[in-house]
Amino acid sequence: MSAVANPATVAECLRVGAGFSQGDRNWIAEQFATLDARLAGFHADATELEVSVKDREARGQKVTLECWVAGRQKIVTTSAEEDLHAALNDVRDDLRRRLNDAKTKQEPRHNKHLRDVGQPAVEVKPDTEPARAEAD
């Protein structure tokens with residue numbers, strides 16, 4: 001994979017949605033900091049994260065983390081954990097798994113055609129002729 005000039009980070013790409021305030025953003029970004037290594041393979045300009053919570057701190061709260069990366073399908077992870085901290089960790093870990101799965105599916109080792117095409121060709125020197133066996 002080629003190096004990305006402006007790698008995506010949680011701090012740069014995270015938006016807080018319904019149920020969270022801008023004051024919560026830094027705390028959430030700290031919780032999601034382990035995603036930085038996984039997001040680094042994507043351009044910051046083409047990556048967005050949005051976290052939201054429905055019915056915060058009530059029974060049945062639902063935390064949702066959405067991830068958009070240009071050229072890929074949107075990934076949505078959810079958690080119904082009652083503890084907000086645990087729910088944020090749950091959606092973070094699920095997103096990391098799904099990003100890893102998506103990357104693995106695109107690697108050549110999982111596609112026989114790409115693996116075969118990637119092999120270097122043997123070069124034949126034009127000034128030498130192969131030895132011929134005489135048939136009797």
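Keep in mind that this is a model prediction, so the values were computed, not measured. (Residues numbered from 1 in each chain as written. Predicted model: local features only at pLDDT ≥ 70, side-chain atom pairs only at ≥ 80, totals over all residues. Heavy atoms only, no water.)

## What to know about the sheet that holds strand β3 (residues 62–69)
In a beta sheet, neighbouring strands pair by backbone hydrogen bonds and run either parallel or antiparallel.
Right, on to step 1. Taken in spatial order, the four strands make up an open sheet running β1-β2-β3-β4, and their pairing is mixed. Every interior strand has two partners, whereas the edge strands, β1 (14–16) and β4 (75–79), have only one. When strand polarity is set aside, the average angle formed by the axes of neighbouring strands in this sheet is 15 degrees.
Right, on to step 2. In the packing of helix α2 (residues 22–31) onto the sheet, contacts are made with β1 and β2 (47–54), and the angle to β1 comes to roughly 140 degrees. (Pairing = 2+ DSSP bridges. Helix = DSSP H or I, 4+ residues; strand = E, 2+ residues; numbered from the N terminus. Axes fitted to C-alpha atoms, helices over the stretch in contact; angles between N-to-C directions. Contact = heavy atoms within 4.5 Å.)

## Some thoughts on α2
Right, on to step 1. Considered for burial, the residues of α2 that qualify are Asp24, Arg25, Ile28, Ala29 and Gln31. Down the axis of α2, the sector holding all buried residues measures 145 degrees, keeping them to one side. Relative to its buried face, α2 has exposed residues pointing more than 90 degrees away, namely Gly23, Asn26 and Glu30. (Buried < 20%, exposed > 50% of the residue type's maximum accessible area, 1.4 Å probe, protein only. Arc of directions from axis to C-beta.)

## Section: unusual backbone geometry
Right, on to step 1. The backbone phi angle of Asp55 is positive, close to 60 degrees, even though this residue is not glycine.
Right, on to step 2. Look at Asp55 and you get partly exposed, because its relative accessible area is 44%.
Right, on to step 3. Non-glycine residue Glu57 carries a positive phi angle of around 55 degrees.
Right, on to step 4. Summarising the element assignment, Glu57 is placed in the loop between β2 and β3.
Right, on to step 5. Taking the relative accessible area as the measure of exposure, Glu57 reaches 64% and is therefore exposed.

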